[in-house]
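Summary of the model geometry
Listed below, chain by chain, are the residues.
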Amino acid sequence: MIADWRKALASYRYPCDFSSYCDRREHPGHFTMRIDGDRESTIAFEDRFRELAPISLGAYAEVIFWKMYSQGGRADHRTSVAVANMRKHGESPAVIWDKVCGFVRSPSRENLKRMRSAIGVTSGMLPTALTFPAFAEPDRFPMLDTRVAKWVNQHWRAANRETNAQLVPFKLNSTSVRDNDFDSYLHWVRWCREMAGRLSDSTERHWRARDVEMAVFASTR
């Protein structure tokens, strides 16, 4: 099993050409990179976000664009809409960062609502908003998307035999994971944390909750 987890994490790829964003000139100092999207370059991007998030709206825009990049032209539209919403609310990057950190400290539905509003995401879908806790504290928070949710729904029984934390299947009543699956997300977070600890104890690598999710995401491909 350990070899399978190592292989899956090593195969993780989520490349992004930030310079292709249509409104990149609105964000000086941002949207200039191109990353290969392996674990190392993705961690560097996470580190960059944490450094810039308290001082720049562009840091949030880059994460949204990165998250949506695999969906082609939708990345431009979704990013620009979120930026417009952030500017409309008029909150400073420091205030937005505080709301992301508020969710990290206490991952509740109310704090999700505050965070999602702050980053300019208006839909009831979970994946984009829940990218930010994973970037803010990847040791403790995995991301979530439809691929991962489908993996949970296929493997939860077998996966639960390995851990005290228990996965709960996602309802997936839509094309994406929505608010009614928030409780399943919290189970996913706890499971990834426990698996990260178990894998860290069994290998020479420090595994983060985010690494567990990366490996699961890679395995779905």
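See the structure above.
Counting starts from 1 at the beginning of each chain's written sequence and moves along it residue by residue. Side-chain atom pairs in this predicted model are given and counted only at pLDDT of 80 or more, local residue features only at pLDDT of at least 70, and totals for whole chains, interfaces and linings cover all residues. The side-chain values count all of the structure's non-hydrogen atoms but skip hydrogen atoms and water molecules.

Describing helix α1 (residues 2–10)
Given 3.6 residues per turn, any residue in an α-helix points the same way as the ones three and four places further on. Condition: For every residue, the accessible area obtained with a 1.4 Å probe (protein chains only) is divided by the maximum for its type, and the residue is called buried under 20%, exposed over 50%, and partly exposed between those limits. In this text, helices come from DSSP runs of H or I with a minimum length of four residues, and strands from runs of E with a minimum of two, each type numbered from the N-terminal end. The arc in question is traced by the directions running from the helix axis to the C-beta atoms. The contact criterion used throughout is that any non-hydrogen atoms of two residues lie within 4.5 Å.
Buried within α1 we find W5, A8 and L9. With its buried residues spanning 95 degrees around the axis, α1 presents them on a single face. Of the exposed residues in α1, those oriented more than 90 degrees away from the buried face are A3, K7 and A10. Buried residues along α1 sit in contact with α2 (39–52), α9 (182–202) and α10 (209–219).

Comments concerning the packing of aromatic side chains
Test applied: Put simply, two rings from Phe, Tyr or Trp (the six-membered ring, in Trp's case) pair if the centres are within 6.5 Å, and we call them stacked under 30 degrees between planes, edge-to-face over 60, tilted for the rest.
Here the structure, examined in full by the defined rule, presents 26 aromatic pairs. Seen in terms of ring centroids, W5 and W207 are 6.3 Å apart; in terms of plane orientation they differ by 85 degrees. Their pairing is edge-to-face. Highlighted residues: W5 in helix α1 and W207 in the loop between α9 and α10, separated in sequence by 202 residues. Accessibility expressed as a relative area gives 11% for W5, which makes it buried.

A word on α2
This is how the line gets drawn: The length a helix should cover is 1.5 Å for every residue beyond the first.
Taking 1.5 Å of rise per residue, 14 residues should cover 20 Å, and α2 covers 20 Å from first to last C-alpha, within 8% of that figure. Along α2, the residues classified as buried are R39, S41, T42, I43, F45, E46, R48, F49 and L52. The inward-facing, buried residues of α2 abut α1, β2 (34–35), α3 (57–68), α5 (93–105), α7 (127–136) and α10.

Structural notes on the state of the cysteines
Put simply, the rule is: Cysteine sulfur atoms that pair up within 2.5 Å are treated as a disulfide.
Considering all chains together, one arrives at 0 disulfides under this definition. Cysteine C22 remains unbridged, with the sulfur of C16 as its closest cysteine sulfur at 13 Å.

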